[in-house]
Amino acid sequence: MAEEAKSLASSAANLTVSETVNTIFIDEDIGIDAPETPGTEEQPFSTLIGAMTHTYKSQPDAKFRIRKKPTGPEDKTPHAYAPVAKAALKKATNLHLANLKKEAKKAEMSAKELEAKAAKDAHLEQAKKVIIVEDASKPKAVSIKLRDTVKHRKARVVVRGWVHRLRVQKNLVFITLRDGTGYLQCLLSGDLTKTYDALTLTVETTIAIYGVISPVPEENHAPDGHELHADYFTVIGKAPGGDDTISNIVAPNADPQTKYDNRHLVIRGDVASSVLKVRASVLRSLRKSYEDLGLLEVTPPCMVQTQVEGGSTLFEFNYYGEKAYLTQSSQLYLETCLPSLGDVFCVQESFRAEHSLTRRHLSEYTHIEAELAFITFDNLLSHLEELICRTIDYTLADPLIKGRIAELNPKFKAPARPFMRMTYADAINWLVEHNIPNEEGEPHKFGDDIAEAAERKMTDIIDKPIFLTKFPVEIKAFYMKKDPADPRVTESVDCLMPGVGEIVGGSMRMENLEELMGAYAREGISPGPYYWFTDQRKYGTSPHGGYGIGLERFLAWMCNRYTVKECSLYPRWTGRCTP
């Protein structure tokens, strides 16, 4: 095909205007540039270059006549066929030659591609004949997880996992294998690289590799400083290549919605999997901290018939003909445990039907909640500070997790104690002094519900953990205890962290029966469905308090994630309930 195109280009180079009877007609008004156009007066071409393109083979000696578009009133503008001007013919001829050269180049490249494909196909066909078998004379391979590779150096092992990275060199194939517990560099060489499976290996293919793990030279880089020299491998499940390669579907610059649609693939990546592993470590550390502090874990229900944080954010559903909701908080149930189980905590999902699209809101989130009996407000703040710091210390004590946090958030360090204490009233004054307005663009005043943006800006400027305390009664939940020294405010606290804002909300709870009944009335809540909660004030009341920690916000702070969505396995928010 390439030779034919060169011949055509050569013929076109000798193209001239002939005075033979072979005439091709061009009409800029009614003509059509198409292979089947005959080029007669009745069925002319539309352009000179079009006429050349479709007739240079069949009528190489043709001459061209053209009828131009009218440029004035029809009765005053001549509209007849005339010979093509020499300048126009030269211009069109040069363009035609350029097009022929492009076609020749295209044909040449196409021929090379076909040749290369044929050679590759032949190579692959030949590779199918290369059969490898496990050497029975070698020691039996020990099956291990990648987390255990260091203690199995020099032994013959078999590891199974997914091809995380792939690099092919002449007679060598470097594989970074991933199994969820770690990474291992594996090296295929010799006949292993000549098999069909090796030549068609793709990222995310599952594979079993047999061989011996050996340290690599210090100047080389490999996970844990060693690599597996393979003597045998088998493919378990092949992943697609080409357009369906995972890196094409969830590329780093892919649209965020595409990434969330394919969250099941995103979590295979280094960043997402690191965040989820830090999440698991934080949960372990939280439970260990609670055990140290003497709290017992309980598992409250998620299907409820009462509200905790206001009716506007309830997810309602039909429960066997009765109205029920997904829980907003497990707090009320935790309070009922205090007389029998002592101080308690839970790790439970909470649900908020907020039509909010901010970067720190989810419709479903992991809620760590606790209730403690016979404490004061100061006790509550001290407990929270101890829990947060102890949990971070435990998390950072794991060198692998500490390394992941350092990669995700190089600037992170455990917060210094004591945390800064700031009352709501002081925060209002601070916002006014720093010219940070409220949502209406006015200076903040006592009674305002400090908006997320203003709160976060204040926290980022101060740049340290803050216990923001004693919020007005009107902007807090009905069950929060009033401050005996100032009945306008509650004994409440939000813990604010730089970069994310509020991660903890808590308070002392009303222990007085009459005060609680008054709160029901003030909020327009029927006390009937809350009889079991009210009874805690009837059958031996006690001073008590508690709090809730949003795990995803806690992680966003530790891992420096822009949004809490990155800190959930499969995040749910307004309009998103898949996959």
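Note that the structure is a prediction, hence the values are computed from the model and not measured. (Residues numbered from 1 in each chain as written. Predicted model: local features only at pLDDT ≥ 70, side-chain atom pairs only at ≥ 80, totals over all residues. Heavy atoms only, no water.)

(A) Representation of the overall build of the protein chain. Of regular secondary structure, the protein chain possesses 16 helices and 22 strands. Relative to a compact globule of 579 residues, whose C-alpha radius of gyration would be 25 Å, the protein chain shows 37 Å and is clearly more extended. The principal-axis extents of the C-alpha atoms in the protein chain amount to approximately 115 × 90 × 55 Å. Relative to its 579 residues, the protein chain shows a buried fraction of 47%. Relative to all contacts within the protein chain whose residues are 6 or more apart in sequence, the contacts with residues 24 or more apart total 65%. Only carbon and sulfur atoms are counted for the fraction: they give 53% of the accessible area of the protein chain, which is about 30300 Å². Placing the 72 positive and 79 negative side-chain charges of the protein chain at their respective mean positions leaves the two points 7 Å apart. (Helix = DSSP H or I, 4+ residues; strand = E, 2+ residues; numbered from the N terminus. Rg over C-alpha atoms; globule rule 2.2 N^0.38 Å. Buried < 20%, exposed > 50% of the residue type's maximum accessible area, 1.4 Å probe, protein only. Contact = heavy atoms within 4.5 Å. Areas by Shrake-Rupley, 256 points an atom, 1.4 Å probe, with all protein chains shown as cover. Lys, Arg positive; Asp, Glu negative; His and termini not counted. Charge placed at Lys NZ, Arg CZ, Asp CG, Glu CD.)

(B) A look at the packing of helix H8 (residues 270-292) against helix H10 (residues 377-396). The contact between H8 and H10 brings their axes to 8 Å, and the two run at 130°. Classed by the angle they form, the pair H8 and H10 counts as oblique. The element H8 and its partner H10 pack so that their crossing is right-handed. Facing H8, whose interface residues are Ser281, Val282, Ser285, Leu286, Lys288, Ser289, Tyr290 and Asp292, H10 presents His383, Leu387, Arg390, Thr391, Tyr394 and Thr395. (Axes fitted to C-alpha atoms, helices over the stretch in contact; angles between N-to-C directions. Parallel < 35°, antiparallel > 145°, perpendicular 65-115°, else oblique. Left-handed = near helix turned anticlockwise from the far one by under 90°.)

(C) Molecular detail of H8. The first and last C-alpha atoms of H8 sit 33 Å apart over 23 residues, in line with the 33 Å expected at 1.5 Å per residue. Just beyond H8, the residue with positive phi is Gly294, at close to 85°. (Expected span 1.5 Å × (residues − 1).)

(D) Spotlight on the nonpolar core. Ranked by size, the top nonpolar core spans 46 residues in total, and within it Tyr290, Tyr547, Phe554 and Trp557 carry the most contacts. Sorting the residues of this core by element identifies H8, strand S15 (364-373), H10, helix H11 (399-408), strand S20 (492-497), strand S21 (501-508), strand S22 (544-550) and helix H16 (551-559) as the ones contributing at least two each. With 8 residues, the single largest contributor to this core is H10. Apart from the residues lying within four places of it in its own chain, the contact partners of Phe554 are Val282, Ile388, Ile392, Ile503 and Ile549. (Core = buried A, V, L, I, M, F, W, Y, C linked by side-chain atoms within 4.5 Å.)

(E) The side chain of Gln328, seen in detail. With respect to the helices and strands, the residue Gln328 is situated in the loop between strand S13 (322-326) and helix H9 (331-341). Setting aside anything within four residues of it in sequence, one finds Gln328 in contact with Gln307, Val308, Glu309, Gly310, Thr313, Leu314, Ser350, Phe351, Arg352, Tyr365 and His367.

(F) Molecular detail of the sheet that holds strand S11 (residues 303-304). The antiparallel open sheet is built from 3 strands, whose spatial order is S11-S13-S12. The sheet terminates laterally at S11 and strand S12 (315-319), the two strands that pair on one side only. Sheet analysis places S11 next to S13, joined by 2 bridges and oriented antiparallel. When the bridges of S13 are listed, Val304 appears paired with Tyr325. (Pairing = 2+ DSSP bridges.)

(G) Structural detail: a nonpolar patch on the surface. There is a patch of nonpolar side chains on the surface, built from Met303, Tyr319 and Tyr320 and spanning about 400 Å² of accessible area. The residue Tyr320 is located in the loop between S12 and S13 in this model. With relative accessibility at 75%, the residue Tyr320 sits in the exposed group. (Patch = residues over 30% accessible without salt bridge, like charges linked within 9 Å, V, L, I, M, F, W, Y side chains within 5 Å. Salt bridge = Lys/Arg side-chain N within 4 Å of Asp/Glu carboxyl O.)

(H) Inspection of a negative patch on the surface at higher detail. Taken together, the side chains of Glu439, Glu440, Glu442 and Asp449 present a region of like negative charge at the surface. Note on placement: Glu442 falls in the loop between helix H12 (424-433) and helix H13 (452-462). Owing to a relative accessible area of 46%, Glu442 belongs among the partly exposed residues under this scheme.

(I) Geometry of the domain arrangement of the protein chain. When its domains are assigned, the protein chain resolves into domain 1 (23-71 + 78-114), domain 2 (142-237) and domain 3 (270-567). Computed over C-alpha atoms, the centres of domain 1 and domain 3 are 77 Å apart. (Domains from an automatic or database assignment.)

(J) Examining the pattern of salt bridges more closely. What the rule picks out here adds up to 32 salt bridges. Between Lys112 and Glu108 there is a salt bridge, and its shortest N-O distance comes to 3.9 Å. Pair noted here: Lys112 and Glu108 are both in helix H3 (residues 86-127), with a separation of 4 residues, about one helical turn. Lys112 gets classed as exposed once you look at its relative accessible area, which sits at 51%. The partner of Arg147 in a salt bridge is Asp148, and the shortest N-O contact between them spans 4.0 Å. Members of the salt-bridge network, linked through shared partners, are Asp292, Glu386, Arg390 and Arg417.

(K) Highlighting the state of the cysteines. With the rule as written, the count across this model stands at 0 disulfides. Cysteine Cys346 is unpaired, with the sulfur of Cys302 as its nearest cysteine sulfur at 8.9 Å. Since its relative accessible area comes to 0%, Cys346 is described here as buried. As a non-bridged cysteine, Cys495 has Cys389 as the owner of its nearest cysteine sulfur, 9.0 Å distant. By relative accessible area, Cys495 is classed as buried at 1%. (Disulfide = S-S within 2.5 Å.)

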